[in-house]
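Notes for the structure review
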Amino acid sequence: MVDKVYQLIIIGGGPAGLSAGIYAARSRLDTLLIEKAGLGGQILNAEWVENYPGFPQGISGAELGSLMSQQAEKYNLPTAFAEVEGIEVRGEEKILKTSEGQYRAKAVIIAGGSEYSKLDVPGEEEFRGRGVSYCAMCDGAFFKDEVVAVVGGGNVALNDALFITKFASKVIVIHRRDQLRATKVLQERALANPKMEFIWDTVLESIKGDSQVRELQLRNVKTGGKSNLSVSGVFIAVGLKPNIEYLRGLLSLSDGGFIPVNGNMETEVPGIFAAGDIRAGSIRQVIAAAGDGAIAAIAAEAYISSR
Amino acid sequence: MAEPQSVDDKSFDKVVLEAKTPFLVDFWAPWCAPCRNIAPIVEELAKEYAGKVGFAKVNVDESSAVATRYSVRSIPTLLFFKDSKPVNQIVGLRPKAELKKNLDALLTDKG
């Protein structure tokens, strides 16, 4: 492990990394995919994916993620469970420091994706796993016949809320604006669902409870008025942030912390590519992540063969 | 034991609470995608910590009493047991390195 130099190391096992891995493995590049916590990526948390071409009836995110990893396995893409802690460029070689030791490569594709943003409000960390959740698919069933809130107004928030209505007696969406950002199809479904209610122009200020969540303290951003809401769970779906901590100092990042790339997914460092949610300008859709991964793998192959 | 042992409402006390070693219990369900994701990592850890830490998994769909007893309302949840008591909890999909740190702490912490 210490002395081997891979032709290509891919960081991240979501749709972008797996797609890059499938292309690289089929090109017979000596490739390693490093993933910190399990293959599949954020798409695993999507209950149902209706906009990925080839699945006219839709497909569950868990199944789509699993099919992608099976496809990578079919081409014997080697994977390692490790968390990347830093990347150093020495000449043309890239040295990855990870929780499981050091890896070396000629080219690197950063496809580390994003993770859910936290609200950073009092009670959020304390009640994690005791009513505060970031995964409706995982935890919705624990709230049978109970009242639950969902914070957010985008696609993920509405998908989560609609999913939880299968279990909960009532799902209250708390959104900081007076209109939703989610796709129209989802908005129509959500607004027509009798179990769903909306609280507009409102933010969550703190989460209270005892052994579990009991109450949310809310503030209306237009009037400043405060109110309390009794719930036994709160699902937080306020967007995603890129996983970039280990890249500070290596690459200049955009304002939001994303990695600027050109049309070939090349970053400012020769031989380092970025793909998927983590790159600047990504539309953060599974279809785009898969496309980015393919482009990055082909560009990486051209880079490696030109050395 | 090199593989996590499946336990249920009936066998939990005997396997986990009466064990001589500390235990890591993975609460999961078939419909939870991140649970499927964390399973191979827990399996690797079970091999690496064989003889030092016991590993068990509880399907919350089938064993809701154990899940309720420990107020598990989010999965995957990993509960760390020592001397019959839960002493640490990790909720959600976390990197293997972080799980190892928590297992090492479970072994070194005399409290």
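Residues numbered from 1 in each chain as written. Chains lettered and ligands numbered in written order. Predicted model: local features only at pLDDT ≥ 70, side-chain atom pairs only at ≥ 80, totals over all residues.

**What to know about the overall build of chain B**
Broken down by element type, chain B carries 4 helices and 5 strands. When the helices and strands of chain B are placed in sequence order, the string is β-α-β-α-β-α-β-β-α. If one aligns the C-alpha atoms of chain B with their principal axes, the spans along those axes are about 35 × 30 × 25 Å. Residues counted as buried form 44% of the 111 residues belonging to chain B. If you take every contact in chain B between residues at least 6 apart in sequence, the share linking residues at least 24 apart comes to 73%. (Helix = DSSP H or I, 4+ residues; strand = E, 2+ residues; numbered from the N terminus. Buried ≥ 20, exposed ≤ 12 C-beta atoms within 10 Å, placed from the backbone. Contact = placed C-beta atoms within 7 Å.)

**Here's the deal with the pairing of strand β1 (residues 5-11) of chain A**
The two faces of the sheet receive side chains in turn, since in a regular strand these alternate between them. Residues and elements named next belong to chain A. Among the 7 residues in β1, 5 count as buried, and that is most of the element. Where β1 lies against strand β6 (residues 101-110), 6 bridges are found, and the strand directions are parallel. Of the residues in β6, the one forming a bridge with Ile-11 is Ile-110. Bridge count for β1 against strand β2 (residues 31-35) is 4 bridges, and the pairing is parallel. Pairing of Leu-8 across the sheet is with Thr-31, part of β2. Since β1 and β2 lie parallel, the crossover through helix α1 (residues 15-26) that links them has a hand, and here it is right-handed. (Pairing = 2+ DSSP bridges. Right-handed = clockwise from strand over helix to strand, strands pointing away.)

**Points about helix α2 (residues 61-74) of chain A**
In this model α2(A) runs 20 Å from its N-terminal to its C-terminal C-alpha over 14 residues, within 8% of the 20 Å that 1.5 Å per residue would give. Among all positions in α2(A), only A:Gly61, A:Ala62, A:Leu64, A:Gly65, A:Met68, A:Ser69 and A:Ala72 are buried. Along its buried surface, α2(A) packs onto α1 of chain A together with α2 (33-48) of chain B. With its phi angle positive at about 55°, A:Asn76 sits one or two positions after the end of α2(A). (Expected span 1.5 Å × (residues − 1).)

**Digging into the sheet that holds strand β13 (residues 213-220) of chain A**
Residues and elements named next belong to chain A. Here 3 strands make up an open sheet; going across it, the order is β12-β13-β14 and the pairing antiparallel. For this open sheet the edge positions go to β12 (202-209) and β14 (226-230), each flanked by a neighbour on one side alone. Between one strand and the next, the sheet's axes are offset by a mean angle of 25°, whatever the strand orientation. When β13 meets β14, the two strands line up antiparallel, connected through 5 bridges. Within β14, the position partnered with Arg-219 by the bridge is Lys-226. (Axes fitted to C-alpha atoms, helices over the stretch in contact; angles between N-to-C directions.)

**Focus: the interface of chain A and chain B**
Opposite the 24 residues of chain A that make contact, chain B presents 20 residues. Looking at the side of chain A that touches chain B, the elements that each hand over two or more residues are α2 and α3 (136-139) of chain A. Residue composition of the side of chain A that touches chain B, grouped by class: 9 nonpolar, 10 polar and 5 charged. (Nonpolar A, V, L, I, M, F, W, Y, C, P; charged D, E, K, R; others polar.)

**Points about the sheet that holds strand β10 (residues 170-174) of chain A**
Residue and element names in this part refer to chain A. Here we have 5 strands laid out as an open sheet, ordered β8-β15-β9-β10-β11, and parallel in their pairing. Because the sheet does not close on itself, it has two edges, and the strands there are β8 (132-133) and β11 (196-199). Alignment of strand β9 (residues 147-151) against strand β15 (residues 233-236), held across 4 bridges, turns out to be parallel. Across the sheet, the residue bridging to Val-150 is Phe-235, located in β15. Contacts from helix α4 (residues 155-164) reach β9, β10, β11 and β15, with the element oriented near 170° to β9.

**Quick notes on the packing of α1(A) against α2(A)**
All names here are of chain A. Relative orientation of the contacting elements α1 and α2 amounts to 25°, with a least axis distance of 9 Å. In terms of their interaxial angle, α1 and α2 are classed as roughly parallel. Handedness of the crossing formed by α1 with α2: left-handed. On α2, the residues that touch Pro-15, Leu-18, Gly-21, Ile-22 and Ala-25 of α1 are Met-68, Ser-69, Gln-71 and Ala-72. Of the residues that constitute the contact of α1 with α2, the class distribution is 6 nonpolar, 3 polar and no charged. (Parallel < 35°, antiparallel > 145°, perpendicular 65-115°, else oblique. Left-handed = near helix turned anticlockwise from the far one by under 90°.)

**Here's the deal with the confidence of the model for chain B**
For residues with low pLDDT, the predicted coordinates do not support detailed interpretation. Here chain B shows a mean pLDDT of 92. Residues at 70 or above account for 96%. The complex prediction reports pTM at 0.80, with the ipTM value standing at 0.81. (pLDDT = per-residue confidence, 0-100.)

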